[in-house]
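# Report on the structure
Listed below are the residues making up each chain.
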Amino acid sequence: MPDTDRMSPRATGAGWSVRDGLVTLDEPAVVLKAALDAVFLRWGAEAGARQQSYPPLLRAEDLRTVDYFRNFPHLGSPVTRIRPDRLAAVATTPYDVAGSSGASALPASDLADATHLLPSAACYGCFVHLTGSSADTPVLVSTVAQCFRHEDHHDGLRRLWGFTMRELVCVGSADTVRAHLDRHRERILAFGASLGLALDRQPATDPFFQKDGSRTVMQLLAPVKEEYLHTDGTAIASTNNHRNFFGERRAISHADRPAFTGCVAFGLERWVHALGDLFEGDLAAAHRAVRRVGERS
């Protein structure tokens, strides 16, 4: 079957099934995904990162402070509730009543205003948590989260609505963040090469900063985001230099100045896709390779 769910309601592959951009993983894919995450988790531990877990929802008011709705409104997945005055009506509505999308849906008129959103990246929770903090030494965090991006289309494991992201976050000076990203750039490429993945590192076009701001000029001189692409163009990892944007917007200080931040991100389902492609669907063989290579990566 095709590996995309754009043309059919369900897409399947070796150990996984996708519908509406939401994936179900069977045991071979679950085991491979866990082995990959264990490698990236160890990288964080070796760098001195502390494991943290953040709430599954982000407040809309917090996201406004970092220009989320200016730059990524198309990705947002708001979370809301049924209005109390509409509970009885919803309870008696036939389950097969079609919404505006043509599928069974809850009409927007039955819903309360959304005050929270699902995260589209794991690091947002970290920066919200660090708001108002100050440190004289670098802060390193390893976190993993279910993330959600309401893309204009879905494509198997390559482009999901809901997916898992591991991030290694560094907060400190500009030099500390740069060294954190440089170290992991080389590690990602070496790990991929040892597995047989020919990853292509490319600058990413990222609308993170305001398009008319001074940071945009700096981004043209030194890209703030680089992606690591599988041969079919799937970005399975990225390194991101936010400069002092979050430090300023969320009052995060390092050595009495707005902190610089950066993160290394791994899309775990995308790694499963790339290795499934490389090993021609033999996820058990891919898992053995990750265990073997990961121990010395």
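Residues numbered from 1 in each chain as written. Predicted model: local features only at pLDDT ≥ 70, side-chain atom pairs only at ≥ 80, totals over all residues. Heavy atoms only, no water.

## A look at the overall build of the protein
Quick note on the threshold: In DSSP terms, a helix is any run of H or I states spanning at least four residues, a strand is any run of E spanning at least two, and both are numbered starting from the N terminus. Exposure is judged per residue with a 1.4 Å probe applied to protein chains only, and the accessible area is read against the type maximum: over 50% gives exposed, under 20% gives buried, and values in between give partly exposed. We get accessible surface area from the Shrake-Rupley algorithm with a probe of 1.4 Å; when it comes to residues, only the shown protein chains can shield them.
From N to C terminus, the protein includes 10 helices and 16 strands. A buried classification covers 45% of the 297 residues belonging to the protein. Just so you have it, the protein exposes about 15,000 Å², and 53% of that area is on carbon and sulfur atoms.

## Description of the pattern of salt bridges
Keep this limit in mind: What makes a salt bridge here is a side-chain nitrogen of Lys or Arg within 4 Å of a carboxyl oxygen of Asp or Glu, nothing more.
Under the criterion given, the structure shown has 18 salt bridges. The salt bridge partner of glutamate 269 is lysine 33, with a shortest N-O separation of 3.2 Å. On the criterion of sequence distance, the pair formed by glutamate 269 in helix α9 (residues 268-278) and lysine 33 in helix α1 (residues 27-46) is long-range, its members being 236 residues apart. Assigned by exposure class, glutamate 269 and lysine 33 land together as buried. One salt bridge connects arginine 166 with aspartate 37, and the closest N-O pair in it is separated by 2.8 Å.

## Observations regarding the sheet that holds strand β6 (residues 78-79)
As a reminder, the rule being used: The pairing criterion for strands is at least two bridges between them, as found by DSSP.
An order of β5-β7-β6 is seen for the three strands of this open sheet, with the pairing classed as antiparallel. Single-partner strands in this sheet number two, and they are β5 (58-59) and β6. Judged from the two bridges that link them, β6 and strand β7 (residues 116-117) form a sheet pairing that is antiparallel. Bridging across to β7, proline 78 finds its partner in leucine 117.

## Considering the side chain of asparagine 240
Where we set the bar: Under the rule applied, a polar contact is a pair of N or O atoms within 3.5 Å (in protein, one hydrogen donor and one hydrogen acceptor; residues adjacent in sequence only if both atoms are side-chain atoms). Residues are treated as being in contact if the distance between any of their heavy atoms lies within 4.5 Å.
With respect to the helices and strands, the residue asparagine 240 is situated in strand β13 (residues 235-243). For asparagine 240, a relative accessible area of 9% corresponds to the buried category. Among the polar contacts made by the side chain of asparagine 240, one reaches the side chain of serine 238 at a distance of 3.1 Å. Apart from the residues within four sequence positions on either side, asparagine 240 is in contact with Leu181, Val224, Lys225, Thr261, Gly262, Cys263 and Ala265.

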